[in-house]
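What follows is the residue order along each chain.
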Amino acid sequence: MKTTSEHASKACDQCSFRKVKCNRGKPCEKCIAFSFECSYNKPRRKRGHTGKRIGEIRSSLRSNIANSLQLSTEVLQSGDNSVTSESLDKIVSPPPYSLTGATLEDETNQELHSDLHSAGANTTEALAETALSTTATSSLSMIPFQLLSTVKWPSIISSGIVESIAFTYFASFSNFLPFIDQEDFIVRIRHQEYLYNNNFGALVLSLCAFTLVVAIVKEDTINTLKDKVNSHDRLAIAKAIMSMAVSLRESDMQFPESPSPDDILTSYFLFCGYYGCQLHHSAWFRLQEAISLAEIIGLHKCPTNDESLSTAESYQRITIYWILAVTERAYALQRYHSFLRTVTVVTSKPSLLFTRNYIKNSLVGLNHMVNLYSVVDINVVECWSGTCTSSNRACHRLTRERAKEMHRRISDAYNAEDVETFSEIQRADLSISQQWLHNRLWQLCLSHNLFSDYTSEDRELSLSYVFDIARDTIDLCKSLSMKSLEVHGIGLTEKLYDIASSVIRLLTYYPWLEDLRKKNEKTELSDREILHQYVAIMATWRGGQHPYLMPLLQDMTTLRI
């Protein structure tokens, strides 16, 4: 092949692709040697700043942000309660230029992106510098970050499903989880605020998941979700919705900087949902997240002293923090966690804080629950988790005198007359939690060798006290409807299992106790008959579809019942 003396100013296309040295001949020596067609058609990469192109991008970015801000303001401030899908798409869809140039829709934008990419690292640095400049930063801060998010409300959750599950929540949980104002919440749902407010959308999704896990939801709602989520398992549907809630809220990575009560409630409902699905590490993480968000906005302080808050806001903050404090203590005793972050602040006369009767009853009930769980302090939690022992392996924190005082405080947490005005659901939660705390304290005394013999002058400090707890608890269950028990979900089921299994373990380790009790105790039902009644309740509870029926039956086989 004939060569020529002409030389190009850059490497040929083939040498550039193969990343080998080129003598820039026309044709070059490498192409001649390998019989390649030598060409110089690839455009030359531009160097330096593309000032004109950067100016165009900056101008377009400002224009799109201004348009999004104007449109979002018109929609949010208009008197029209309906929000069309076209207007929402315009609000929540990202601008045609992101910091990486990744969201380009029309041909002009694609051409600009191609030119920007070919401009090299200098252009990228210039664009980043421009985007972080004072002008660009102030423009971006004019609208909420979530309006620029590509994460939107899942289309499979229709407004009808949301409203149906919301009414189920308020019918089942408003008595003992009264931290959401029903009227305000329903108004926000009917205005479809969850379509453009991702934080509220995450709250709605987490509430839906929690209600699916715990409550009895209308069968047509369940069937609709089964078809859309492509699953016939209620818990699988709830897990899918919780994943949607997490994605929706975390689309705004800055939400912890200025959290709202909506964010705290989202984390709390996620905790409840994961707990119901037996995902305890995820549940503990979300509970600690809720407590952290509560601390950020100062819920651990007394909100009734804050004059900037309305009465409704003060009430909501009190109830949120009290429920977090109770939940953290109960969960620490169930899962052997060894620290507490919340404090229990009991109001002496909570009914004087608010005037509406249903708020009074709910707040008084919560006040009793906080008073009940106030006995669980950091010393109790550390003893329960086994981290209280000193160098000689002896605990000096829990003594017989202190255990007796704690039992007394649990018994005196509320009077029987106080709960007569409560709903059956509230009574179920309060009374069974009281018996369960007696049982947990009995277990603690047993592990700390505080029982001297079978009988004792102090009823609470005897081995036989666990039988009294089990008998009192089964009598309570008989006086309550199954619906009032089921609404509290898997947490109350676990408490009943703890009480029954304590009796089984004691009879297993001390078989002579059964014969002794038959001689000394004159009761209508024997201890084994009481255990059979626990099995009957656990089998009836949701048709036995929970993780504690089979372990209870297996435990009872050790007694050959």
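Basis of the calculations
- Residues numbered from 1 in each chain as written.
- Predicted model: local features only at pLDDT ≥ 70, side-chain atom pairs only at ≥ 80, totals over all residues.
- Heavy atoms only, no water.
- Helix = DSSP H or I, 4+ residues; strand = E, 2+ residues; numbered from the N terminus.
- Buried < 20%, exposed > 50% of the residue type's maximum accessible area, 1.4 Å probe, protein only.
- Contact = heavy atoms within 4.5 Å.
- Areas by Shrake-Rupley, 256 points an atom, 1.4 Å probe, with all protein chains shown as cover.
- Expected span 1.5 Å × (residues − 1).
- Polar contact = N/O pair within 3.5 Å; in protein donor to acceptor, adjacent residues only side chain to side chain.
- Patch = residues over 30% accessible without salt bridge, like charges linked within 9 Å, V, L, I, M, F, W, Y side chains within 5 Å.
- Salt bridge = Lys/Arg side-chain N within 4 Å of Asp/Glu carboxyl O.
- Phe/Tyr/Trp six-rings, centres within 6.5 Å; stacked < 30°, edge-to-face > 60°.
- Lys NZ or Arg CZ within 6 Å of the ring centre and 35° of its normal.
- Core = buried A, V, L, I, M, F, W, Y, C linked by side-chain atoms within 4.5 Å.
- Axes fitted to C-alpha atoms, helices over the stretch in contact; angles between N-to-C directions.
- Parallel < 35°, antiparallel > 145°, perpendicular 65-115°, else oblique.
- Left-handed = near helix turned anticlockwise from the far one by under 90°.
- Nonpolar A, V, L, I, M, F, W, Y, C, P; charged D, E, K, R; others polar.
- pLDDT = per-residue confidence, 0-100.

## A word on the overall build of the protein chain
Looking only at helices and strands, the protein chain features 25 helices and 0 strands. Buried positions account for 50% of the 561 residues belonging to the protein chain. When contacts within the protein chain are restricted to residue pairs at least 6 apart in sequence, long-range pairs at least 24 apart make up 70% of them. Carbon and sulfur atoms make up 50% of the accessible area of the protein chain, which totals about 28300 Å².

## Some points on helix H10 (residues 198–214)
Here H10 spans 24 Å end to end across 17 residues, near enough to the 24 Å set by a 1.5 Å rise per residue. Counting buried positions along H10 yields 17 of 17 residues, so the element is predominantly enclosed. Measuring from the backbone nitrogen of asparagine 199 back to the side-chain oxygen at the start of H10 gives 3.2 Å, which picks out asparagine 197 as the cap.

## So, the environment of asparagine 415
Its place among the elements puts asparagine 415 in the loop between helix H18 (400–411) and helix H19 (424–447). Of the residues examined, asparagine 415 reaches a relative accessible area of 44% and is grouped as partly exposed.

## Here we look at the side chain of histidine 448
Topologically, histidine 448 is positioned in the loop between H19 and helix H20 (465–479). Take histidine 448: its relative accessible area is 18%, and that puts it in the buried class. Polar side-chain contacts of histidine 448 include one of 3.1 Å to the side chain of serine 447. The contacts of histidine 448, once residues within four sequence positions are left out, are Cys383, Cys388, Cys395 and Leu398.

## Topic: the environment of phenylalanine 176
Relative to the elements of secondary structure, phenylalanine 176 occurs in the loop between helix H8 (159–173) and helix H9 (182–190). For phenylalanine 176, a relative accessible area of 14% translates into the label buried. Phenylalanine 176 has contacts with Ile323, Leu366, Ile425, Asp429, Val487 and His488, leaving out every residue within four places of it along the chain.

## Looking at a nonpolar patch on the surface
A contiguous nonpolar surface patch, about 370 Å² in accessible area, is contributed by Tyr509, Tyr510 and Trp512. When you line up the elements, tyrosine 509 lands in helix H22 (residues 489–509).

## Examining the pattern of salt bridges
The full count for this structure, using the stated rule, is 16 salt bridges. Connected via shared salt-bridge partners are Arg249, Glu250, Arg286 and Glu289.

## Let's talk about helix H17 (residues 378–385)
Listed as buried for H17 are Val380, Val381, Glu382, Cys383 and Trp384. Packing partners of the buried residues in H17 comprise helix H15 (311–335), H18 and H19. Two to three positions downstream of the cap, the backbone nitrogen of asparagine 379 sits 3.2 Å from a side-chain oxygen, assigning the N-cap of H17 to aspartate 377.

## As for the packing of aromatic side chains
Per the stated rule, a full pass over the model turns up 21 aromatic pairs. Each ring, one from tyrosine 169 and one from phenylalanine 173, has its centre 5.4 Å from the other, and the planes form 35 degrees; the classification is tilted. Here tyrosine 169 and its partner phenylalanine 173 are both found in helix H8, 4 residues apart, which amounts to about one turn of the helix. Taken as a pair, tyrosine 169 and phenylalanine 173 share a single burial class, namely buried. Over the ring of tyrosine 40 we find lysine 26; its NZ or CZ atom is 5.9 Å from the centre of that ring. Its end group placed over the ring of tryptophan 436, lysine 495 keeps NZ or CZ at 5.2 Å from the ring centre.

## Focus: the nonpolar core
Considering soluble globular proteins, one finds that nonpolar side chains tend to be buried as a cluster. Of all hydrophobic cores here, the largest spans 139 residues; its most connected members are Tyr169, Phe179, Phe185 and Phe269. Ranked by the residues each element gives to this core, the list is headed by H15, at 12 residues.

## Re the environment of arginine 397
Of note, arginine 397 is situated in the loop between H17 and H18. Taking the C-alpha atoms as reference points, arginine 397 and valine 380, 17 residues apart in sequence, are found 8.4 Å from one another. With residues up to four places along the chain from it excluded, the contact list for arginine 397 reads Asn379, Glu382, Cys383, Cys388 and Arg402.

## Observations regarding the packing of helix H13 (residues 261–276) against helix H14 (residues 280–296)
Contact geometry for H13 and H14: axes closest at 8 Å, N-to-C directions at 165 degrees. Between H13 and H14, the angle is such that the two are roughly antiparallel. The chirality of how H13 crosses H14 is left-handed. Where H13 approaches H14, its residues Asp263, Ile264, Ser267, Tyr268, Leu270, Phe271, Tyr274 and Tyr275 are matched on the opposing element by His280, Ser282, Ala283, Trp284, Arg286, Leu287, Glu289, Ala290, Leu293 and Ala294. Looking at the contact of H13 with H14, its residues break down into 12 nonpolar, 3 polar and 3 charged.

## So, unusual backbone geometry
Of note, the amide linkage connecting lysine 26 to proline 27 takes the cis form, showing an omega dihedral of 0 degrees. In this fold, proline 27 is placed in the loop between helix H1 (13–18) and helix H2 (29–34). The phi torsion at asparagine 449 lies on the positive side, around 55 degrees, for a residue other than glycine. Among the secondary structure elements, asparagine 449 is positioned in the loop between H19 and H20.

## Section: the packing of H19 against H20
Put simply, H19 and H20 touch, their axes get as near as 10 Å, and they point 170 degrees apart. The angle between H19 and H20 falls in the class roughly antiparallel. Of the residues in H20, those in contact with Glu424, Ser431, Ile432, Gln435, His438, Asn439 and Trp442 of H19 are Tyr465, Val466, Ile469, Asp472, Thr473, Leu476, Cys477 and Ser479. Split by residue class, the contact of H19 with H20 holds 7 nonpolar, 6 polar and 2 charged.

## Here we look at the confidence of the model for the protein chain
Taken over all residues, the pLDDT of the protein chain has a mean of 76, while the share at 70 or more is 70%. For the protein chain, helix H7 (residues 134–140) is the element with the lowest average pLDDT, namely 39, and H13 is the one with the highest, namely 95. Considering only residues more than four positions removed or in separate chains, one finds that residues 79–148, a stretch of pLDDT under 50, has 94 contacts. Low pLDDT (under 50) marks residues 347–355, which in the prediction has 19 contacts with non-local residues, meaning those over four places away or in another chain.

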